[in-house]
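One letter stands for each residue in the lines below.
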2 protein chains.
Amino acid sequence: VTLIAAIVPAAGSGERLGAGVPKALALLAGEPILAHAIRALVAEPRVGLVVVAAPPGLESQMERTTRGAAGGVPVRVVTGGATRVASVSAALALIPTDVAVVLVHDAARALVPGQVVAAVADAVLAGAPAAVPAVAVVDTVRRVGADGSSETLDRATLRAVQTPQGFSADVLRAAHARTGSTATDDAGMVESLGHPVTLVEGDYRAFKVTTRMDLLLAEALLADSGEAS
Amino acid sequence: VTLIAAIVPAAGSGERLGAGVPKALALLAGEPILAHAIRALVAEPRVGLVVVAAPPGLESQMERTTRGAAGGVPVRVVTGGATRVASVSAALALIPTDVAVVLVHDAARALVPGQVVAAVADAVLAGAPAAVPAVAVVDTVRRVGADGSSETLDRATLRAVQTPQGFSADVLRAAHARTGSTATDDAGMVESLGHPVTLVEGDYRAFKVTTRMDLLLAEALLADSGEAS
């Protein structure tokens with residue numbers, strides 16, 4: 001029985017990292033960002049299936065990359081949709097009904113530490129319908145109103161949300177089956193069905209690698225941890 | 001006439017960066033973080049005075065560091081207070097009354113680009129009582145309520161605030177003269193007097209260097225820009 005399946009929506013064509021490839025295939029320390037993300041997920045031993053949503057035409061390339069990083073964990077690749085939600089829906093359709101927990105993970109959060117993946121999985125296995133990792137917000141945050149004026153929010157009450165986000169498979173299926181949701185992320189969709197979202201401890205290393213500056217940081221972290229040669 | 005003065009409250013004893021020294025004296029690419037921050041400020045040619053608030057006992061050391069980085073711009077060092085606001089107040093007392101604009105800058109935002117300093121100064125010189133640099137928030141942000149539940153905020157309306165924060169000198173003096181303010185930053189104090197705060201374009205490179213991970217990023221950015229040897 002596969003207890004936990006991981007979905008990685010990697011169909012985004014964002015090419016901010018250059019090189020004319022989708023961001024999940026941009027290189028980080030010589031390997032696609034996607035490969036780092038997959039390795040981080042399968043480091044959690046309860047993850048028994050990985051489903052990647054790839055951009056049309058790049059399915060085989062992403063399958064090779066994913067398989068090479070998955071260390072023997074079964075891999076499926078689907079063609080992603082036009083939105084992140086559509087890609088997650090397509091991936092969800094491939095997940096067997098005996099899977100209890102689904103993790104949805106941004107490929108760009110390539111260096112998420114194993115304890116974050118474990119904490120999210122643990123929370124859902126313990127009964128939370130949804131669990132997301134979050135960290136304290138470092139900067140003062142202001143909210144800008146429609147008139148251009150802004151006000152400072154109480155930073156102590158704010159949390160920056162990361163991934164993987166974990167869900168009871170049934171709850172995530174119900175959220176995706178409901179048409180017309182305007183939520184842009186899975187936690188929001190589940191919440192709009194009335195389920196609470198549990199926050200677990202994230203880690204600043206689970207930041208999104210989307211700009212050249214992020215890539216510099218990710219490479220410095222890898223070199224520092226001795227993972228890069 | 002000194003058009004613009006810069007205040008750097010560097011009295012914090014936070015030693016998260018290790019080495020048993022206040023964070024402003026922790027080394028970044030072989031030089032104190034404070035030295036980088038001062039160089040970034042004086043790169044703006046209209047800055048004609050720098051006042052640093054130092055921890056008690058470290059005044060001379062910070063004065064040497066500041067002077068070495070200030071490139072001939074006059075430097076004053078005061079003993080900081082127990083809070084950031086107290087340190088800014090102490091520094092403000094040393095600023096001549098003919099100074100039009102005061103910038104308040106976190107030493108930890110060591111790599112703020114020159115165009116951010118210029119944009120803040122320009123906004124205040126153009127008549128804004130207060131101007132702060134801000135950038136879009138990358139992560140989804142949730143606000144946690146008193147009962148532990150949380151809700152997603154509309155990210156499009158959020159801005160992460162950086163420094164230097166710029167003020168009309170008169171407005172900043174009035175804010176500091178008013179006793180009993182509970183605001184923890186200068187923009188908040190000025191706002192509580194009824195003055196609007198103008199947001200100008202910040203830059204992700206103006207992040208706060210407070211953890212070892214931040215230091216790795218700062219060193220990678222310096223190496224990348226060719227500033228480090």
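Fair warning: this is a prediction, and the values are worked out from it, not measured in the lab.

Moving on: the overall build of chain A. Within chain A one finds seven helices and 12 strands. Across its three principal axes, chain A shows a C-alpha extent of roughly 50 × 40 × 30 Å. The buried share among the 229 residues of chain A stands at 54%. In chain A, once contacts between residues fewer than 6 apart in sequence are set aside, the share between residues at least 24 apart is 72%. Of the side chains in chain A, 18 bear a positive and 22 a negative charge, and the two mean positions are spaced by 2 Å.

As a further point, take the relation of the copies chain A and chain B. It takes a turn of 180° to lay chain A on chain B, together with a shift of 0.0 Å along the axis; the resulting RMSD is 0.0 Å. Taken together, the rotation and translation relating the two chain copies correspond to the operation of a two-fold axis. Nearest to the rotation axis, the C-alpha of leucine 217 of chain A is located 2.4 Å from it, this being the minimum over chain A. Taken together, the interface assignments show that 100% of the residues at the interface of chain A recur at the interface of chain B, consistent with an identical surface on both copies.

Tallying the contact residues gives 32 residues for chain A and 32 residues for chain B. Both faces considered, chain A and chain B share a buried interface measuring about 3,000 Å² in area, 58% of it formed by carbon and sulfur atoms. Seen at the junction of chain A and chain B, the total is six salt bridges. Among the residues forming the side of chain A that touches chain B, the class breakdown is 17 nonpolar, four polar and 11 charged. Across four bridges, the pairing between strand E8 (residues 140–144) of chain A and strand E10 (residues 158–161) of chain B is antiparallel. Paired with valine 141 of chain A across the strands is alanine 160 of chain B, a residue of E10 of chain B.

The subject of this paragraph is unusual backbone geometry. Residue and element names in this part refer to chain A. Threonine 163 connects to proline 164 through a cis peptide bond whose omega is 10°. Phi angles above zero are rare outside glycine, and alanine 29 is one such case at about 50°. By the element assignment, alanine 29 lies in the loop between strand E2 (27–28) and strand E3 (31–32).

Further remarks concern the side chain of glutamine 162 of chain B. Residues and elements named next belong to chain B. Mapped onto the secondary structure, glutamine 162 falls in the loop between E10 and strand E11 (165–168). The exposure class of glutamine 162 is buried, given its relative accessible area of 2%. Dropping the residues within four chain positions of it, glutamine 162 is found in contact with Arg109, Pro133, Val135, Gly202, Asp203, Tyr204, Ala206 and Phe207.

Now for the side chain of aspartate 106 of chain A. Position of aspartate 106 of chain A relative to the elements: it lies in the loop between strand E6 (101–104) and helix H4 (114–125). If sequence neighbours within four positions are ignored, aspartate 106 of chain A has contacts with Arg84, Thr163 and Lys208 of chain A.

To continue, consider helix H2 (residues 59–69) of chain A. Residues and elements named next belong to chain A. For H2, the complete set of buried residues consists of Met62, Thr65, Thr66 and Ala69. Along the long axis of H2, the arc covered by the buried residues comes to 95°, so they all point the same way. With respect to the buried face of H2, the exposed residues turned more than 90 degrees away are Arg64 and Gly68. Glycine 71, located one to two residues past H2, shows a positive phi value of around 55°.

Attention now goes to the packing of helix H3 (residues 84–92) of chain A against helix H5 (residues 169–177) of chain A. Think of two packed helices as two axes; the pair is described by the angle between the axes and how far apart they sit. Residue and element names in this part refer to chain A. It is at 11 Å that the axes of H3 and H5 come closest, and there the two elements cross at 125°. In terms of their interaxial angle, H3 and H5 are classed as oblique. Handedness of the crossing formed by H3 with H5: left-handed. Facing H3, whose interface residues are Val85, Val88, Ser89 and Leu92, H5 presents Leu172, Arg173 and His176. Of the residues that constitute the contact of H3 with H5, the class distribution is four nonpolar, two polar and one charged.

Residues and elements named next belong to chain B. Scanning the model with the defined rule gives 26 salt bridges over all chains in all. Close ionic contact of arginine 84 with aspartate 106 constitutes a salt bridge, the shortest N to O distance being 2.7 Å. Residue arginine 84 is found in helix H3 (residues 84–92), and its partner aspartate 106 is found in the loop between strand E6 (101–104) and helix H4 (114–125); the two are separated by 22 residues along the sequence. With relative accessibility at 29%, the residue arginine 84 sits in the partly exposed group.

Reading the values: the criteria
- Residues numbered from 1 in each chain as written.
- Chains lettered and ligands numbered in written order.
- Predicted model: local features only at pLDDT ≥ 70, side-chain atom pairs only at ≥ 80, totals over all residues.
- Heavy atoms only, no water.
- Helix = DSSP H or I, 4+ residues; strand = E, 2+ residues; numbered from the N terminus.
- Buried < 20%, exposed > 50% of the residue type's maximum accessible area, 1.4 Å probe, protein only.
- Contact = heavy atoms within 4.5 Å.
- Lys, Arg positive; Asp, Glu negative; His and termini not counted.
- Charge placed at Lys NZ, Arg CZ, Asp CG, Glu CD.
- Least-squares fit on C-alpha atoms with pLDDT ≥ 70 in both.
- Buried area = accessible area lost by both parts, 1.4 Å probe.
- Salt bridge = Lys/Arg side-chain N within 4 Å of Asp/Glu carboxyl O.
- Nonpolar A, V, L, I, M, F, W, Y, C, P; charged D, E, K, R; others polar.
- Pairing = 2+ DSSP bridges.
- Arc of directions from axis to C-beta.
- Axes fitted to C-alpha atoms, helices over the stretch in contact; angles between N-to-C directions.
- Parallel < 35°, antiparallel > 145°, perpendicular 65-115°, else oblique.
- Left-handed = near helix turned anticlockwise from the far one by under 90°.

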